[in-house]
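Working through the structure, step by step
Chain by chain, the residues run as shown.
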Amino acid sequence: MPRLSEVIAALDNLWPAERAESWDAVGTVVGDPDQEVARVLFAVDPVRETVDEAVKLDADLLVTHHPLYLRGTTTVAASTFKGRVVHTLIKNDIALHVAHTNADTADPGVSDALAGALDLRILRPLVPDPSDPAGRRGLGRVCEPDRPLTVRELAARAAERLPATAQGIRVAGDPDAPVRTVAVSGGSGDSLFDHVRAAGVDAFLTADLRHHPVSEARAQSSLALLDAAHWATEWPWCELAAAQLDEISDRHGWDLRVHVSRTVTDPWTAHAASSTTTDTSGAPN
């Protein structure tokens, strides 16, 4: 069995920490470099549910996309929910490693996995990484569908192919408009509207879209916007990352057992659809 330090070196080769954003907190959070690793679990969130899953699985390493701590802290007391995560991991000899924005811009990375889940052919990065002479790394991806689609059909495909969440897929734009090219970005994407407009695509699928940026984007162009749940757009990366580690394990003869968490950690738990009858009599002025 490999040591944790060997597995982390392999993961750092996939997602170098120096490619993370300056505000990000990636890398190993908990773990003894000399401990042996036999079983690995990939998940989006380092929360109680996925940590409990790692314990039940008897995993030695939990790899998550989201960081446990993005800001400094003065305590890991078990009376706090993040402190409880740390205590549970240490008590059960489970290491925690994070690949966040360094996985977003990787080749392949989070948006490649999202495009793959939707059967979209990748053309190029949406925001290329200037340090990549090959022009393959970067944030988001510009894609084209495998066959002609409308906005309505693309939304239906996303609802079918991505993990089910309470939100589903929200659409801004003409549902019957054709989609010849589409930009995708796993996670929060409304900061990318300038790049999306410059790309000249017909649609943009991402998460966490807010009212004012969407309203302004729609006022400036006919761009269709598809808003999925944050967790759902990033979960496909777990399967991609697990496959990458499986390949590394086979190459090194490590015989790792690699798993992907299917625990839904999207924070939204229910959705009540609005009435199909429009009545604005009670709407605010």
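Higher on the page you've got the structure.
All chains use their own residue numbering, which begins from 1 and follows the written sequence. A pLDDT threshold of at least 70 governs which residues receive local features in this predicted model, and a stricter bar of 80 or more applies before side-chain atom pairs are shown or counted, although totals over entire chains, interfaces and linings include all residues. Side-chain numbers come from the whole structure's heavy atoms, not from hydrogens or water.

Let's talk about the sheet that holds strand β10 (residues 182-188)
Operational definition: Pairing between strands requires that DSSP locate at least two bridges from one strand to the other. Each helix is a run of H or I in the DSSP string that is no shorter than four residues. Each strand is a run of E no shorter than two, and both are numbered from the N terminus. Fitted lines through C-alpha atoms give the axes, limited to the stretch in contact for helices. The angle between two N-to-C directions lies from 0 to 180 degrees.
Pairing is mixed across the open sheet formed by six strands, whose spatial order is β5-β6-β10-β11-β12-β8. Two strands lie at the open edges of the sheet, namely β5 (120-128) and β8 (170-172), each paired on one side alone. For this sheet, the mean inter-axis angle between neighbouring strands, taken without regard to orientation, is 25 degrees. Note that β10 and strand β11 (residues 203-207) share four bridges and pair parallel.

As for the environment of L120
Stated formally: Whether a residue is buried, partly exposed or exposed follows from its accessible area with a 1.4 Å probe, protein chains only, as a fraction of its type maximum: under 20%, in between, or over 50%, in that order. Whether two residues touch is decided by their heavy atoms; if any such pair falls within 4.5 Å, the residues are in contact.
Counting through the fold element by element, L120 comes out in strand β5. Residue classification places L120 among the buried positions, given a relative accessible area of 7%. Note: C-alpha distance between L120 and D32 (88 residues apart in sequence) is 40 Å. Residues within four places of L120 in sequence aside, it is in contact with A115, C143, E144, P145, V182 and V184.

A look at helix α6 (residues 151-161)
Using the following cut-off: It is the directions from the helix axis to the C-beta atoms that the arc portrays.
Taken together, the buried positions of α6 are V151, L154, A155, R157 and A158. The arc that holds the buried residues of α6, viewed along the axis, is 160 degrees, so those residues lie on one side. Buried positions along α6 lie against β7 (149-150), β8, β9 (178-179), β10, β11 and β12 (224-228).

Considerations on the sheet that holds strand β3 (residues 61-64)
Here we have five strands laid out as an open sheet, ordered β1-β4-β3-β2-β13, and mixed in their pairing. Each of the sheet's edge strands pairs with one partner strand only, and the pair in question is β1 (27-30) and β13 (257-260). Neighbour-to-neighbour, the strand axes of this sheet turn through a mean angle of 25 degrees, independent of strand direction. Pairing analysis gives four bridges linking strand β2 (residues 39-43) to β13, with the strands arranged parallel. Bridge pairing in β13 places L41 opposite H259.

Structural notes on the pairing of β2
Which entries qualify depends on this criterion: By the criterion used throughout, a crossover qualifies as right-handed when its path from the first strand across the helix to the second strand runs clockwise, the strands pointing away from the viewer.
When you tally the buried positions in β2, you get five out of five residues, the bulk of the element. With burial as the criterion, each face of β2 is covered, one bearing R39, L41 and A43 and the other bearing V40 and F42. In terms of strand pairing, β2 meets β3 through four bridges, oriented parallel. When the bridges of β3 are listed, L41 appears paired with L62. Handedness of the crossover is the feature at issue here: the chain leaves β2, passes through helix α2 (residues 48-57), returns alongside β3, and the resulting connection is right-handed.

As for the pattern of salt bridges
Definition in use: By definition here, a salt bridge exists when the distance from a side-chain nitrogen of Lys or Arg to a carboxyl oxygen of Asp or Glu is within 4 Å.
All chains considered together, the criterion is met by 16 salt bridges. A salt bridge links D132 to R137; the shortest N-O distance between them is 3.9 Å. A relative accessible area of 10% means that D132 is categorised as buried. Several salt bridges converge on common partners, so that one network encompasses R48, E49 and D52.

Describing the nonpolar core
Selection criterion: In this text, buried Ala, Val, Leu, Ile, Met, Phe, Trp, Tyr and Cys residues form a nonpolar core when linked through side-chain atoms within 4.5 Å.
In this structure, W15, F42, L61 and W237 are the most contacted members of the largest nonpolar core, which totals 51 residues. Here this core takes nine residues from helix α9 (residues 230-252), the largest share from any one element. Beyond its immediate chain neighbours, meaning those up to four positions away, F42 contacts W15, V63, W237, C238, A241, A242, L245, V258, H259, V260 and S261. V201, V214, A217 and L225 belong to the second largest nonpolar core, which has 14 residues in total.

Examining the state of the cysteines
Basically, it comes down to this: The term disulfide is used for any two cysteine sulfur atoms that are within 2.5 Å.
Under the definition given, this model contains zero disulfides. The thiol sulfur of C238 is not disulfide-bonded, and the nearest other cysteine sulfur, from C143, lies at 19 Å.

Quick notes on unusual backbone geometry
Look at the link from D107 to P108: it is a cis peptide, with omega at 0 degrees. Relative to the elements of secondary structure, P108 occurs in the loop between α4 (101-104) and α5 (110-117). One non-glycine residue, D119, lies in the positive phi region at around 55 degrees. Mapped onto the secondary structure, D119 falls in the loop between α5 and β5. Judged by its relative accessible area of 36%, D119 is partly exposed.

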